[in-house]
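Each chain, letter by letter, is given below.
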Amino acid sequence: MNDLDYTITKNKLEILLLKAQEGLKVGKVTQSKLDAVETLQSSLKCMLELRFTIDELNKKQSLLTMQNVKAYKETAELKKKFNTFKK
């Protein structure tokens, strides 16, 4: 799921939740309606938490990639110095 898909899905879920909450204000409140609203709230919360986790993992992956590039460069420089020293 890319950023656009995530945003669209999150917005749809928020709209459904708002409609369900409005439905509770009008008409008869049943246990199934309350359960539906609770499920939508839980789904949205879960979706937001998972997105936060994915963002944090992506940040860590980027940091590790940068550290790997730096280490590779340092290793290449040391190898070059060693080869120069060997001669």
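Up top is the structure.
Residues numbered from 1 in each chain as written. Predicted model: local features only at pLDDT ≥ 70, side-chain atom pairs only at ≥ 80, totals over all residues. Heavy atoms only, no water.

### Quick notes on the pattern of salt bridges
Here is the rule: Here, a salt bridge means any Lys or Arg side-chain nitrogen found within 4 Å of an Asp or Glu carboxyl oxygen. Secondary structure elements are taken from DSSP: a helix is a run of H or I of four residues or more, a strand is a run of E of two residues or more, and numbering for both begins at the N terminus. Partly exposed describes any residue whose relative accessible area lies between the buried limit of under 20% and the exposed limit of over 50%, with all areas from a 1.4 Å probe on protein chains only and scaled to the type maximum.
Within this structure, the stated rule accounts for 6 salt bridges. Close ionic contact of Lys-59 with Glu-56 constitutes a salt bridge, the shortest N to O distance being 3.5 Å. With a gap of 3 residues between them, Lys-59 and Glu-56 both fall in helix α2 (residues 31-86), about one helical turn apart. Overall, the relative accessible area of 54% leaves Lys-59 in the exposed class. One continuous salt-bridge network, built from bridges that share partners, spans Asp-3, Arg-51 and Asp-55.

### Considerations on the packing of aromatic side chains
Operational definition: Working definition: a ring pair exists when centres of Phe, Tyr or Trp rings (six-membered ring for Trp) sit within 6.5 Å. Plane angles under 30 degrees give stacked, over 60 give edge-to-face, the rest tilted. Working rule: Lys NZ or Arg CZ, within 6 Å of ring centre, within 35 degrees of ring normal, means a charge sits over the ring.
Applying the stated criterion across every chain yields a total of 0 aromatic pairs. One Lys or Arg, Arg-51, reaches over the ring of Tyr-6 and ends 4.6 Å from the middle of that ring.

### As for α2
Put simply, the test is: For a helix, the expected span equals 1.5 Å multiplied by the number of residues minus one. Contacts are residue-level and defined by heavy atoms, with any inter-residue pair within 4.5 Å sufficient.
Helix length check: α2 (56 residues) gives 81 Å between terminal C-alpha atoms against 82 Å at 1.5 Å per residue, within 8%. Val-37, Leu-40, Leu-44, Met-47 and Arg-51 are the residues of α2 that are buried. Residues of α2 that are buried sit in contact with α1 (3-25).

### Section: the side chain of Lys-10
Mapped onto the elements of the fold, Lys-10 is located in helix α1. Judged by its relative accessible area of 17%, Lys-10 falls in the buried class. Contact partners of Lys-10, with chain neighbours within four places excluded, come to Leu-44, Met-47 and Leu-48.

### Focus on the packing of α1 against α2
Our working rule: Between N-to-C directions, angles span 0 to 180 degrees; the directions come from axes that are lines fitted to C-alpha atoms, helices contributing only their stretch in contact. Roughly parallel means an angle under 35 degrees; roughly antiparallel means over 145; roughly perpendicular covers 65 to 115; every other angle is labelled oblique. Crossing handedness is defined as follows: a turn of the near helix away from the far one that is anticlockwise and smaller than a right angle gives a left-handed crossing, while the clockwise case is right-handed. Residue polarity follows a fixed list, in which Ala, Val, Leu, Ile, Met, Phe, Trp, Tyr, Cys and Pro are nonpolar, Asp, Glu, Lys and Arg are charged, and the others, Gly among them, are polar.
Orientation of α1 relative to α2, taken along the N-to-C sense of each, is 155°, at an axis distance of 9 Å. Viewed along their axes, α1 and α2 adopt a mutual orientation that is roughly antiparallel. Classified by chirality, the crossing of α2 by α1 is left-handed. Of the residues in α2, those in contact with Asp-3, Tyr-6, Thr-9, Lys-10, Leu-13, Glu-14, Leu-16, Leu-17, Ala-20, Gln-21, Gly-23 and Leu-24 of α1 are Lys-33, Leu-34, Val-37, Leu-40, Gln-41, Ser-43, Leu-44, Met-47, Leu-48 and Arg-51. Split into classes, the residues belonging to the contact of α1 with α2 amount to 12 nonpolar, 5 polar and 5 charged.

### Observations regarding the environment of Val-29
Looking at the element boundaries, Val-29 is found in the loop between α1 and α2. Sequence-distant contacts of Val-29, defined by excluding residues within four places in its chain, comprise Leu-24 and Leu-34.

### Thoughts on the side chain of Arg-51
Considering the arrangement of structural elements, one finds Arg-51 in helix α2. You can call Arg-51 buried: its relative accessible area is 16%. When sequence neighbours within four positions are dropped, the list of residues in contact with Arg-51 reads Met-1, Asn-2, Asp-3 and Tyr-6.

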